[in-house]
Every structure is written in structure tokens, then in C-alpha cells.
Amino acid sequence: MIVIDGDAPPATLESAAVPEIATMNMVEALNSALDVMLARDPDVLIFGEDVGYFGGVFRVTNGLQKRHGLQRCFDAPISEGGIIATAIGMGAYGLRPVPEIQFADYILPAFDQLVSEAARLRYRSNGEFWAPITVRSPYGGGIFGGQTHSQSPEAIFAHITGLKTVIPSNPYDAKGLLIAAIECDDPVIFLEPKRLYNGPFDGRHDQAVKSWAGHEAAEVPTGHYSIPLGSAAIVREGEAATVLAYGTMVHVALAGIADSGIDAELIDLRSIVPLDIETIIESVRKTGRCLILHEASRFGGFGGELSALVQERCFYELEAPVRRVAGYDTPYPHAFEWDYFPGPARLAAALVDLIRD
Amino acid sequence: MTNRPKLQLHIPEPLTRPGEAVDFGGLVIPPAGSVDRPAIDAPECDLRHLPYQLIRALDDDGRAIGPWKPAASPLQLMRGLRAMMLTRAFDERLFRAHRQGKTSFYMKSTGEEALGAAPSLVLDRGDMCFPTYRVLSWLMARGYPLIDLVNQIFSNAKDPLKGRQLPILYSARGYGFYSLSGNVGSRFGHAVGWAMASAYKQDDKIALAYIGEGTTAEGDFHEALTFASVYRAPVILCVTNNQWAISSFAGIAGANETTFAAKALAYGIPGLRVDGNDFLAVWSATEWAAERARTNQGATLIEFFTYRASGHSTSDDPTKYRPADEPNHWPLGDPVDRLKQHLMTEGAWDEDRHLLLSVELDAEVKTAVREAEAVGTLGKSKPPIAEMFEGVFAKSDWRLIEQRLEAGILP
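Keep in mind that this is a model prediction, so the values were computed, not measured. (Residues numbered from 1 in each chain as written. Chains lettered and ligands numbered in written order. Predicted model: local features only at pLDDT ≥ 70, side-chain atom pairs only at ≥ 80, totals over all residues.)

(A) Main features of the overall build of chain B. Secondary structure summary: chain B contains 10 helices and 7 strands in total. Structurally, chain B occupies a C-alpha span of about 70 × 60 × 55 Å along its principal axes. A total of 411 residues make up chain B; the buried ones form 51% of that total. Nonlocal contacts in chain B, meaning residues at least 24 apart in sequence, comprise 77% of its contacts between residues at least 6 apart. (Helix = DSSP H or I, 4+ residues; strand = E, 2+ residues; numbered from the N terminus. Buried ≥ 20, exposed ≤ 12 C-beta atoms within 10 Å, placed from the backbone. Contact = placed C-beta atoms within 7 Å.)

(B) Fine view of the domain arrangement of chain A. All names here are of chain A. On domain assignment, one finds that chain A holds domain 1 (16–224) and domain 2 (233–356). In this structure, domain 1 and domain 2 have C-alpha centres spaced 25 Å apart. Listed as interface residues are 30 residues of domain 1 and, on the opposing side, 30 residues of domain 2. When its residues are assigned to classes, the side of domain 1 that touches domain 2 shows 12 nonpolar, 12 polar and 6 charged. (Domains from an automatic or database assignment. Nonpolar A, V, L, I, M, F, W, Y, C, P; charged D, E, K, R; others polar.)

(C) Region of interest: unusual backbone geometry. In this structure, Pro 274 of chain A follows Val 273 of chain A across a cis peptide bond, with omega equal to -5 degrees. Assignment of secondary structure puts Pro 274 of chain A in the loop between strand E14 (271–273) and helix H10 (277–287). Phi is positive for Gln 202 of chain B, which is not a glycine, with a value near 55 degrees. Tracing the sequence through the fold places Gln 202 of chain B in the loop between helix H5 (188–200) and strand E2 (207–212).

(D) Geometry of the environment of Arg 298 of chain A. Residues and elements named next belong to chain A. Considering the arrangement of structural elements, one finds Arg 298 in the loop between strand E15 (290–297) and helix H11 (302–314). When the C-alpha atoms of Arg 298 and Val 166 are compared, they prove to be 19 Å apart, with 132 residues separating the residues in sequence. Residues contacting Arg 298, with those up to four places away along its chain left out, are Gly 303, Arg 324, Ala 326, Gly 327 and Asp 329.

(E) Quick peek at the interface of chain A and chain B. Each side of the interface is counted separately: chain A has 36 residues, and chain B has 35 residues. When contributions to the side of chain A that touches chain B are tallied by element, the ones reaching two or more residues are helix H4 (80–93), helix H5 (111–118) and helix H6 (121–124) of chain A. Here the side of chain A that touches chain B takes 10 residues from H4 of chain A, the largest share from any one element. Its residues assigned to classes, the side of chain A that touches chain B comprises 14 nonpolar, 15 polar and 7 charged.

(F) Region of interest: the sheet that holds strand E16 (residues 323–327) of chain A. Residue and element names in this part refer to chain A. Strand order in the open sheet formed by 5 strands is E11-E13-E12-E15-E16, and the pairing between neighbours is mixed. Sheet topology places strand E11 (233–236) and E16 at the edges, where each strand pairs with a single neighbour. The sheet shows a mean angle of 25 degrees between the axes of neighbouring strands, direction not considered. Note: E15 against E16, 5 bridges, orientation parallel. For Ile 292, the partnering residue across the bridge sits in E16 and is Arg 324. (Pairing = 2+ DSSP bridges. Axes fitted to C-alpha atoms, helices over the stretch in contact; angles between N-to-C directions.)

(G) Quick peek at the sheet that holds strand E3 (residues 235–241) of chain B. Residue and element names in this part refer to chain B. The sheet built from 5 strands is open, its strands ordered E1-E2-E3-E7-E6 with parallel pairing. Each edge of the open sheet is held by one strand with a lone partner, namely strand E1 (128–130) and strand E6 (271–275). Looking at each pair of strands side by side, their axes are set apart by 20 degrees on average, direction ignored. Pairing of E2 with E3 involves 6 bridges; the strand directions are parallel. The residue bridging Ala 209 from the neighbouring strand is Leu 237, located in E3. Helix H6 (residues 219–230) contacts E2, E3 and strand E7 (300–305) of the sheet and is inclined by roughly 150 degrees relative to E3.

(H) Just the packing of H10 of chain A against H11 of chain A, in detail. All names here are of chain A. At a minimum axis separation of 10 Å, H10 and H11 run at an interaxial angle of 60 degrees. In terms of their interaxial angle, H10 and H11 are classed as oblique. In this structure, H10 meets H11 at a crossing whose hand is right-handed. Contacts between H10 and H11 involve Ile 277, Ile 280, Ile 281, Val 284 and Arg 285 from the former and Leu 309, Val 310, Arg 313 and Cys 314 from the latter. Looking at the contact of H10 with H11 residue by residue, the classes come out as 7 nonpolar, no polar and 2 charged. (Parallel < 35°, antiparallel > 145°, perpendicular 65-115°, else oblique. Left-handed = near helix turned anticlockwise from the far one by under 90°.)

(I) Representation of the environment of Asp 75 of chain A within the structure. Residues and elements named next belong to chain A. The topology assignment puts Asp 75 in strand E4 (residues 73–75). In this structure the C-alpha to C-alpha distance between Asp 75 and Gly 52, which are 23 residues apart in sequence, comes to 4.9 Å. Beyond its immediate chain neighbours, meaning those up to four positions away, Asp 75 contacts Glu 49, Asp 50, Val 51 and Gly 52.

(J) Representation of the confidence of the model for chain A within the structure. Taken as a whole, chain A shows an average pLDDT of 95; of its residues, 95% reach a score of 70 or greater. Confidence drops under pLDDT 50 across residues 1–11 of chain A; counting only partners more than four residues distant or on other chains, this segment forms 21 contacts. (pLDDT = per-residue confidence, 0-100.)

The structure is reproduced here in C-alpha cells:
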């Protein structure tokens, strides 16, 4: 399901000299997606807190202002509501803005703009106006960021009809999905698992930090390609159970499955809206068991929706109740990060229980 | 406790309440023509007195005087008069249609008709207005089909917004009229973004946005002003200070402490305070701000000082919180009467023509309402149910396709 556009012109003269495939971490892959889109489409522009000259607190927009000019990538006031309102107005004019919200924890001042405006504009105006904006925001924990730099708010966006919510788990997907999001005519919330920026993280926090080097998903085409929104990836095939995950939890799930010794199938949803329901259902019908893993707190989390969908569509194939492994229903705690974080051990234990059920 | 004075919490209250004699207190109304009109390239530091003035062009005898007298031709002014009168005729009839059970909701703009009509005629076709729900006169000035308005209000089979939106929350892109919403203030920043996009594309289009004085308390207002100021956006930001936000008087939004135009000072942009019932002053102030915007001098904040003569909406009864006859005592008069008087003073208009036009407009509205009634009033006719599922996304995902079927709609 990967669309590679071989005819795309090289992004810049500089990049014409580099090989077609390069090893990138997720920051570099996202930067490459933005670079490619700035070069291809003069209606694409980027703004947000610290994204201009400095290149963003996580370096995702590093060098873009220098390469594409001040007006294509610039700093915004510390005003999340203002950033999104401005982006919607630009979108209504005909641009494709890609605003950044520095941390997903800080997106809430813009919530009214996303819910009452971006998500509704096309519907309420009968297609006269729409907001083709892509809101990038780092999210999730595992970096000792405490409760204001660690949250996973995806479920509150998934609940808003009219918004799309995309969450990549590796550099290759990050670039392809971000390009698809920018090219999409609907507003997209693009959540970047910040713990994955520099390397895959499987939740084993006491082990040495890994980089993306050597990971097959770190081999990223330097040009234009996109991955359709709403296409899940089967990361590991298996027969005994289906594990649904996205973002950092894809890597945690792989580790947990290995630890459990259970032949589970792992699906990386990649976008929760649109949701690839067919891939999910096909897998659960085959395995008869389903476990959902997410970092966000459990109650009212996206796992609840997934669980309901699986139950509604696979009830007669299910051998056991659907299980959820998720963050506890507390605010994200600082000192207790690794007690809160649903790591591979919790997943492995739940998988063993799921098979026993 | 120390021997310091006891602190006192101040809760602003209007001067008069129902049953009391109307009193607009110390409202200072400077004579028409008394405010200077700085050059459009005057630096902001030379404009800081303007937020505390009241720009007026029409004097008590209907003569246009002073530096803010616009160069508008009598024909242009007659178009403005027609738009205001049509708005009023339409409001009267559709308000009644609500009382007759033909729709669920209506909002009138009585007394505020100049605020939409004049800017609508001043700005170009390609410019974009980000309206509030009380600037119907913008559409009237541009000849938006009445039948489409009534069909929208009736949410019937020919509703241009397909039954998805509350009555009067129009959208009319072809008329430079952005999609309305019931959430007040949330489009103020869109105007700034739209204007920034125009500048980014090196286009020549500008934006104009309205917000109520009550809504200036929302973050949206201050966020929009911040962005407009920082990026020098080609936008005109208008506060329609009609004295009332449902039942809260303007003092609850801070009017007792300063003017709304003066909010511009902290953002370093010009702030004009304009008699909103003076069509000529509204025209002229809009022209001044538009010229600044078009010459890369950035945003202007305009406070239109006016009065909401009607209730907030069909769900409101203003006699519960303000003297019933307060609208009749508004010291700045009525915008329709004042423009009529001016055109008569100029010899371009007379009572007979006014009456004739009034009859003609009533008939026009009546015809549109009849035509829309023939399609159906609320509940008697509606767009196909399939429309409920359209337009959520550019292309529906499986949820909407499945739910359409669930609702009994065959593909």
C-alpha cells in the first residue's frame, strides 16, 4: 500500500546529490517530509513556537527556514489557539499550513478551534470552506517529562468527527504518513511519539538506548512518497492472538510478545481515524483473541472503541474477552514513570492471561 | 486583620433597569466632523487619541461634514439605504415567521444595519468578510438571493446548507461571506490567517472580521489582535459595540473602564471609534482601514458604537433586563432614518420614493417567503437524509458509509 512517486523532482539541489535512500531517525524523516512538501507545493507553510530560525525544540524543522525562506517556516507567538485559528484561516484561503504545537500537552487552548471550527467548517458550510491543515505535535511519555510533557490525548481527537488522527511508529511511516496528511483535504492531527524520535523504544528503560541505525524502517527514500491514511501495518504475523497498538507501543508490543513466547499477530494501526477496520477484523477472526495496548490512560481511551468494534464484529469468533493494557487512570506521574508506563512485562502477562481465558 | 481599608468587590451594573427612566448617563457625543482624519500612512504613535473620540460624518440635520465625509456617490449611498431597508423588512417578516412556527430560531440586526451594508459596498468582491450573526446587511448589499436565505432559515429541501446549520448561520463564499457559527468569536483569528495567506501569496485581497463587544473578553479576540499586529496582516478587525450581550450590558465586557477601540493601543495598531449608526462614518472608517491594509500598513481595529434595538434572538425578551423604551432613546438615532435624511438633504431622495422603495422591498421579501413556503417550512420539508452524512470529510470513511445504511439510506 505504499505509493512512491518516482517522478517527483528532487527537493533541492543539495538533496539531488544524496542517494535515493538514506538512513534517517524519525526527526530526520519528518524533516525530510516537510522539506519535500515545501519544495513541491508553494501553498505549504510551517509555523509554530520556536520552529523558525531555531528549528524546533525537537529539531524537526531544523534548516527549513534557511532552505525555503522566512515566510515558509516561521516562529509564532505562544498562543496555541491563535496558531490554529490562523492556520484555519490560511486553509480557508487555499493554503496547506502545517502548524506545530510544541507538545500535545499544550494543545488544549486550541481545542475549540479544532473541534468547533476545523472539524466542522466543511460540513456546516456545505463544502464552501474547509481547513486542509496538518497539526503536528510531539506526544507520549518515556522521557521523564512529567505530566506536562508526556500525555497521550489521541482519544479526545478520535472522538471528534471531522478530524483525522495519525500516529506513526517509525521513520519510514512518519515521512510517508506526514506527506499524506499534508496532501489530505481534511484537518489532520499528526501525533509524533517523541520517545521514538531518536530510536525505537521497547519499554525496557533500564537497557541501553537504541538508535534507529540498522532498523529497516530507518531506510527512508529521500524523495516524495506517501502512505495512505487508514492503512494499518501487520508488523508481526501470528496465530494465537491479535495485538493492536500504535506509536511507541508498537515496539513495546514486539518486546512483550517475544517475552511471552506467544505467537501473537501485531497490528500497527498507524492512524486511528481513519481506522483500518478490515485489517483488524480479519486478524481477530483468524486468531480469536484480541489485546489492545496504549499508553494513554485506560478509561474512555481509544482502546474502549477498539474493544467495542472487535466485540461487535467478531463476537462469535472470539475465544476470550478482549483485553486492554494501558496507562493507569492517573495523571502522568514523574517519579513513577516506569510504574505507570505499560511496558513489555505488563503486556506479556496480559497475553499469557488472554491465552488462558 | 490590619487597619488597612476593607477591600471591596466591584460588580458593574447598568444605569437603568426595567421600569426605570432611560438614562445613558454621561455619554459624550462629539459633534459630527470634529475628529481629525490622519493620513493613511500616519505612524501609529500619532493615532493614539483616536480610540477615545467618536468619528461622525452626519450632523443632526443630515448634512455630511468634516474630514470623515466619504467620497461615496449618491447612487452608492442609495444602494446602502436599500440594503439596510431590505435587511429590516426581511428581519421583520422572518421574526414573525418564527412566531408563526415556521422556523426554530431567528436573530434580527435592527439598528445595526449600517455595519454590514457600508463595508460590503466599500470592500472588493474578492475580499472576505468574517461575519457575526448580526451583519445580514452585508449579503443584502451584494444582492444575495432572498429565497436562499429563507430556504436556509426553513431548513427545507432547497436549503443551500443542506439542513446542517442553525437558521441564519449562513455561508456564502461567492459573496465574500465566511461560514458563520454559533460559537462567538472563534472566526476572528481565521480572518487574520486568511489575510496573512493573501499577503503570503502576494495577492491584493484583504479580510474584514466582526466580533461583538461582549466577545472581546474571549481569548480569540486577543489572539487575533496579537497575530494581526505581529505579522501586520491586511485585515480590518471590527468590534460591534451594540451595548448588550444577551442581557449583559457592555460594562460587563469592560466598557466602564475604557473604550473597545482602545484595546488596539496595547497591540500597537490604530484603533478607531466610530458612530455605527452613521452610514457615512462607517463607510469612511472602513475605507481608511482598507487603504491601510492594501498598502501593507497592517491591521486596524474599529469599534462601531451602536445599539442593539432588538432582542438578542427569538429566545430573548429584552424587557426583562432593560427599560422597554430604551431603544427609542438611543442618542445616536437610527441608521436608516439618518441616511434617508442625508439623501433628502442632498436632494437625491424624497418621502415618496422612500415609501415606494419600502413597499417594493416588503413585496420582494413576501415573494421570497411565499416561494420558500411552497418548498416547505421547518419540518414540512427537508433535504434528503443522505445529506446528514455528507461533508464530514472530503470523502466519507467506512463509519459514515455504514451509518448511512443503518439509517436506512440505500447507496
